[in-house]
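What follows is the residue order along each chain.
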Amino acid sequence: MIHLHDISYLRLGCQNLSEMVEFATDILGLELRHKTDTHAYLRGDSSAYNICYIEGDADYDACAFEVRELSELDKAEKELAAEGITAKRATDEECEERQVNSALFFADPNGNRVELVYRPYQTGVRYFPGRDAGITEFGHFGLHTGDSERDIRFWTEVMSARVSDKIGEGALLRIDPVHHKIALFASEHTGVQHVNFQVASIDDVMRSWYFLQEKNVPIVFGPGRHPTSTAMFIYFLGPDKRVYEYSSGVKRITDEENHTPRQFEMAPTSFCMWGAKPNVDEFSE
Ligand SMILES: O=C(O)c1cccc(O)c1O
Ligand SMILES: [Fe+2]
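Residues numbered from 1 in each chain as written. Chains lettered and ligands numbered in written order. Predicted model: local features only at pLDDT ≥ 70, side-chain atom pairs only at ≥ 80, totals over all residues. Heavy atoms only, no water.

### Quick word on the domain arrangement of the chain
Inference 1: The domain boundaries assigned to the chain delineate domain 1 (6-120) and domain 2 (135-283).
Inference 2: Measuring from the centre of the C-alpha atoms in domain 1 to the corresponding centre in domain 2 gives 20 Å.
Inference 3: Tallying the contact residues gives 37 residues for domain 1 and 40 residues for domain 2.
Inference 4: Carbon and sulfur atoms make up 69% of the surface buried where domain 1 meets domain 2, a total of about 2900 Å² over both sides. (Domains from an automatic or database assignment. Contact = heavy atoms within 4.5 Å. Buried area = accessible area lost by both parts, 1.4 Å probe.)

Laid out in structure tokens, this is it:
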């Protein structure tokens, strides 16, 4: 089993890098830490970055997880090979681009690009955004799944994730006490389905609701509260048409031995207990 210590970063392709930087800093509330002609590194905590936008292929994306030991990468390469998955070790140049000491690249059974990284860079300076969205951390991300049984098996048996709850075919997976850091949602696509940042309180969710409306940012779901994680949320679209989420109050699963995943029906009320209706394809039947 490959032990996932934490989520690390997302690499998201885009057509127009300056448009994404403007959105990420002025709307989403991330701090731009570093930019080249093709890459922009943004963060919502003291990591070197949480999202790297890359100008070029807008369909490209990859998600990364931190592993604790360097030896975990060799072990992962062997365990993935046993699953018929070819993994590739990152070159020095690729590590430099990602701001990590070492990395291993592969695709999950759905074709989602995954990177395992050892020693992602941290900084000694605190996160200082231009817009105060109240972000406390990079929360979680959704991945597409074309076969949830196959992919739940992969993420929980080959990787160390555990199912916290299911909604229809979808699954919310934890890799530490936080209710979920990975979510799988059924669709015919591959890659990243949504990007979540945690905010400090319900006040931040509601402040952003008014702020996003004022800025004419398309809101696609909420404000609402997830019955699964109990988090209060709002979802909106970036200029890249990706779905971004702020949420606050995600529950922690501390009684690991006794936690039994619940199966929620595929219905709007399983996504929002207040009655908001999702305008997100993967959250609807
Ligand atoms: O927080 C959740 O429980 C949740 C449920 C459905 C979909 C999501 O994106 C979530 O974050
Ligand atoms: Fe989410």
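Here the narrative resumes, following the displayed structure.
### Quick notes on the pattern of salt bridges
Inference 1: Under the counting rule described, the total for this entry stands at 18 salt bridges.
Inference 2: Put simply, K75 and E79 hold a salt bridge, and the shortest N to O gap is 3.8 Å. You can see K75 and its partner E79 sitting in helix α2 (residues 71-82), four residues apart, about one turn around the helix.
Inference 3: For K75, a relative accessible area of 33% gives the class partly exposed.
Inference 4: E79 sits in the partly exposed class, given a relative accessible area of 23%.
Inference 5: Two residues, E256 and R174, come together in a salt bridge whose shortest N-O distance is 2.8 Å. With E256 in the loop between β16 (243-248) and β17 (262-264) and R174 in strand β11 (residues 170-174), this pair connects stretches of sequence that are 82 residues apart.
Inference 6: Among the ionic contacts, a cluster of salt bridges with common partners joins R11, E97, R98 and E115. (Salt bridge = Lys/Arg side-chain N within 4 Å of Asp/Glu carboxyl O. Helix = DSSP H or I, 4+ residues; strand = E, 2+ residues; numbered from the N terminus. Buried < 20%, exposed > 50% of the residue type's maximum accessible area, 1.4 Å probe, protein only.)

### Considerations on empty space enclosed by the protein
Inference 1: Under the criterion given, the structure shown has one cavity of 30 Å³ or more.
Inference 2: For the largest cavity, the lining is made up of 13 residues, of which L172, H180, F185, H226 and Y235 are closest to its centre.
Inference 3: Looking at the lining of the largest cavity, its residues break down into seven nonpolar, five polar and one charged. (1 Å grid on protein atoms, 1.4 Å probe; cavity = no way out; pocket = protein on both sides within 12 Å on 5 of 7 lines; lining within 4 Å. Points joined across faces, edges and corners; volume = space filled by probe spheres on them. Nonpolar A, V, L, I, M, F, W, Y, C, P; charged D, E, K, R; others polar.)

### Considering the sheet that holds strand β5 (residues 61-67)
Inference 1: Across the sheet, eight strands lie side by side as β2-β3-β4-β1-β5-β8-β7-β6; this open sheet has mixed pairing. Strand pairing shows two members of the sheet lacking a second neighbour, β2 (31-35) and β6 (88-89), which therefore form its edges.
Inference 2: Sheet topology note: the strand β1 (residues 6-14)/strand β4 (residues 51-55) ladder contains five bridges and is parallel. Note that in β4 the partner of C14 across the bridge is E55.
Inference 3: On the sheet, α2 packs against β5, β6, β7 (100-107) and β8 (113-120) and is oriented at approximately 10 degrees with respect to β7. (Pairing = 2+ DSSP bridges. Axes fitted to C-alpha atoms, helices over the stretch in contact; angles between N-to-C directions.)

### Overview of the nonpolar core
Inference 1: Core analysis: the largest hydrophobic core is formed by 61 residues, its most contacted members being Y53, F65, L116, W155, I182 and Y244.
Inference 2: No other element matches the seven residues that helix α1 (residues 17-28) contributes to this core.
Inference 3: If we skip the residues at most four places from it in the chain, L116 touches I2, L4, F65, V67, L73, A76, S102, A103, L104, F106 and M159. (Core = buried A, V, L, I, M, F, W, Y, C linked by side-chain atoms within 4.5 Å.)

### Describing the environment of T145
Inference 1: Residue position: T145 is located in strand β9 (residues 135-145).
Inference 2: Owing to a relative accessible area of 0%, T145 belongs among the buried residues under this scheme.
Inference 3: Expressed as a C-alpha distance, the spacing of T145 and F185, which sit 40 residues apart in the sequence, is 5.7 Å.
Inference 4: Ignoring anything within four residues of it in the chain, the contact list for T145 reads N110, D151, L184, F185, A186 and S187.
Inference 5: At a separation of 3.1 Å, a polar atom in the side chain of T145 contacts the main-chain amide nitrogen of D147.
Inference 6: At 3.4 Å, the side chain of T145 forms a polar contact with the backbone nitrogen of S148. (Polar contact = N/O pair within 3.5 Å; in protein donor to acceptor, adjacent residues only side chain to side chain.)

### Some details on the packing of aromatic side chains
Inference 1: In total, this model carries 21 aromatic pairs according to the counting rule given.
Inference 2: Ring centres of F233 and Y235 lie 5.3 Å apart, and the angle between their planes is 70 degrees; on these two criteria the pair is classed as edge-to-face. The exposure classification of F233 matches that of Y235, with both residues buried.
Inference 3: Each member of the aromatic cluster is reached from another via a ring pair, and the members are F65, F106, F138, F141, F154, W155 and F197.
Inference 4: Looking at R131, its charged tip hangs above the ring of F211, at a distance of 3.8 Å from the centre. (Phe/Tyr/Trp six-rings, centres within 6.5 Å; stacked < 30°, edge-to-face > 60°. Lys NZ or Arg CZ within 6 Å of the ring centre and 35° of its normal.)

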